[in-house]
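Structure at a glance
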Amino acid sequence: MNAFEEVFEVVRVVTLEETEDVVTVGPRVATDGPDGLLVVEPQESQIREYSRDGTLRAVHGRTGGGPGEFLMPISARRTVDGRLVVPDISLGRLTFLGPDTLIDAAPVAMLLDVHDLGEGKLLLTGIGNQLANRPRFLHIWDTETDRIDRSFLPMGVSDRDRPTASAFAAASASLVRDTIWAVWSLSDTIYQYSLDGDLLTKIPIPLVRPRAALPSFDRQVDVSEAGTVLDSVSQVSGVQIAGDDGLVATIGHMRGIEYEWDLVIMDRDGIPLAQVRGVPRLLFVDGDEFWFADPQGLQPNRILVARRKDTS
């Protein structure tokens with residue numbers, strides 16, 4: 001926590017309410033407007049709505065394959081019309097929770113996240129468009145025509161590294177007003193796109209630790225081989241917006257079954273504002289508040305809400 005405390009100060013601690021039926025195990029937390037939180041528990045097959053002070057508002061889901069049931073929910077987002085949309089990576093489908101529960105088959109493989117672009121279009125994060133073995137990780141899906149209008153965010157590695165890189169399927173996107181900010185897990189670049197998928201700019205990520213070179217394979221990497229690679233690879237797990245002009249990249253380094261986390265904060269021109277090695281897991285950023293999992297809490301339902309210290 002020493003490096004964390006040099007850059008951040010904790011302004012409050014939020015404890016997520018639990019009940020006999022609601023237990024926090026490995027929460028994935030996202031903002032739900034100015035007053036709420038969305039918490040996905042993959043192991044519990046639940047999606048939970050909380051207030052910002054940790055008060056439990058609603059619980060959705062149980063284990064199963066029927067309507068309103070999940071096997072491995074990965075994320076949850078609020079749609080423009082107020083419903084919740086939940087991708088399930090095991091069931092390969094999207095569930096829309098509202099007055100009526102609707103289910104759609106996932107139009108791309110390994111669907112990780114969804115953002116509502118409005119006018120019946122969704123931004124999907126997952127593997128797709130395997131043209132010439134050059135996958136794209138972001139897709140604009142027209143729900144009315146059930147067609148993928150466009151796929152973008154390339155893998156961005158050399159042909160030599162492609163067999164190994166194909167074992168790393170994670171990507172992340174943040175929707176901010178009229179732009180999309182995105183990264184792929186092995187990328188050293190943040191990409192900015194328009195809502196139509198047009199590339200606007202690319203910003204190099206000043207990684208805290210040097211990235212090791214990927215080993216070369218002449219075939220698809222299986223799971224056991226990928227495990228030997230993980231310890232030496234810096235994986236960018238997400239990009240988020242801080243305040244009006246800041247970008248935040250989270251970089252993970254696998255250590256056995258755990259991760260060590262680095263944080264890079266930069267301006268929109270890519271100039272580093274802070275590079276922190278070894279921080280708690282960042283859940284999300286909202287304005288000038290950074291929400292972290294509490295690494296010293298005995299229970300995983302404690303969240304540290306922090307702000308950057310004044311360095312002027």
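Here, the structure is the one placed above.
Computed from a prediction, not measured in an experiment: that's the story for all the values here.

Helix and strand counts for the protein come out as three helices and 24 strands. With the C-alpha coordinates aligned to their principal axes, the bounding extent of the protein is approximately 50 × 50 × 40 Å. Across the protein, the 30 positively charged side chains and the 47 negatively charged ones have centroids separated by 4 Å.

Once that is clear, we can look at the pairing of strand E21 (residues 272-279). Of the strand pairs in this sheet, strand E20 (residues 258-267) and E21 are connected by six bridges, and their pairing is antiparallel. Across the sheet, the residue bridging to Asp 262 is Arg 277, located in E21. Hairpin connection of E20 to E21: four residues between the antiparallel strands, including Gly 270 at a positive phi of 90°.

By the definition in use, this model includes 14 salt bridges. A salt bridge links Arg 78 to Asp 32, with the nearest nitrogen and oxygen atoms 2.7 Å apart. One end of the pair, Arg 78, is in strand E6 (residues 77-78); the other, Asp 32, is in strand E2 (residues 28-32), with 46 residues separating them in the sequence. Assessed through its relative accessible area of 32%, Arg 78 is described here as partly exposed.

A few words on the sheet that holds strand E3 (residues 36-41). The strand order across the open sheet formed by four strands is E2-E3-E4-E5, and the pairing between neighbours is antiparallel. Only two strands of the sheet have a single partner each, and these edge strands are E2 and strand E5 (56-60). Adjacent strand axes in the sheet meet at a mean angle of 20°, parallel and antiparallel pairs treated alike. In the sheet, E3 pairs with strand E4 (residues 46-51) via six bridges, with the strands oriented antiparallel. The residue of E4 that forms the bridge with Val 39 is Arg 48.

Bringing the packing of aromatic side chains into the picture now. What the rule picks out here adds up to 10 aromatic pairs. Considering the side-chain rings of Phe 4 and Phe 292, the 5.0 Å spacing of their centres and the 85° angle between planes classify their relative orientation as edge-to-face. With Phe 4 in helix H1 (residues 2-7) and Phe 292 in strand E23 (residues 289-293), this residue pair connects regions lying 288 residues apart in the sequence. Each of the two residues, Phe 4 as well as Phe 292, counts as buried. When the ring of Phe 284 is compared with that of Trp 291, the centres are 5.0 Å apart and the planes differ by 20°; the resulting orientation is stacked. An aromatic cluster is built from Phe 4, Phe 8, Phe 290 and Phe 292, whose rings are joined through pairwise contacts.

Leu 123, Leu 138 and Leu 153 are the most contacted members of the largest nonpolar core, which totals 23 residues. Only strand E11 (121-128), strand E12 (136-142), strand E13 (147-154), strand E14 (171-176), strand E15 (179-184) and strand E16 (189-194) provide two or more residues apiece to this core. Residues contacting Leu 153, with those up to four places away along its chain left out, are Pro 135, Arg 136, Phe 137, Leu 138, Ala 171, Ala 182, Val 183, Trp 184, Tyr 191 and Tyr 193. One finds Phe 8, Val 248, Val 285 and Phe 292 within the second-largest nonpolar core, a separate group that totals 17 residues.

Turning next to the pairing of strand E18 (residues 235-242). Among the eight residues that make up E18, seven are buried, leaving the element largely enclosed by the rest of the structure. Where E18 meets strand E19 (residues 246-255), seven bridges bridge the pair, whose relative direction is antiparallel. Bridge pairing in E19 places Gln 240 opposite Val 248. As consecutive antiparallel partners, E18 and E19 are separated by three residues, and within that stretch Gly 243 has a phi angle of approximately 65°, a positive value.

Residue position: Gln 46 is located in strand E4. Assessed through its relative accessible area of 9%, Gln 46 is described here as buried. If sequence neighbours within four positions are ignored, Gln 46 has contacts with Asp 21, Val 22, Val 39, Val 40, Glu 41, Val 59, His 60, Gly 61 and Pro 73. Polar side-chain contacts of Gln 46 include one of 3.2 Å to the backbone oxygen of Asp 21. Among the polar contacts listed, one links the side chain of Gln 46 to the side chain of Arg 48, at a separation of 2.6 Å.

Each value, and the rule that gives it
Residues numbered from 1 in each chain as written. Predicted model: local features only at pLDDT ≥ 70, side-chain atom pairs only at ≥ 80, totals over all residues. Heavy atoms only, no water. Helix = DSSP H or I, 4+ residues; strand = E, 2+ residues; numbered from the N terminus. Lys, Arg positive; Asp, Glu negative; His and termini not counted. Charge placed at Lys NZ, Arg CZ, Asp CG, Glu CD. Pairing = 2+ DSSP bridges. Salt bridge = Lys/Arg side-chain N within 4 Å of Asp/Glu carboxyl O. Buried < 20%, exposed > 50% of the residue type's maximum accessible area, 1.4 Å probe, protein only. Axes fitted to C-alpha atoms, helices over the stretch in contact; angles between N-to-C directions. Phe/Tyr/Trp six-rings, centres within 6.5 Å; stacked < 30°, edge-to-face > 60°. Core = buried A, V, L, I, M, F, W, Y, C linked by side-chain atoms within 4.5 Å. Contact = heavy atoms within 4.5 Å. Polar contact = N/O pair within 3.5 Å; in protein donor to acceptor, adjacent residues only side chain to side chain.

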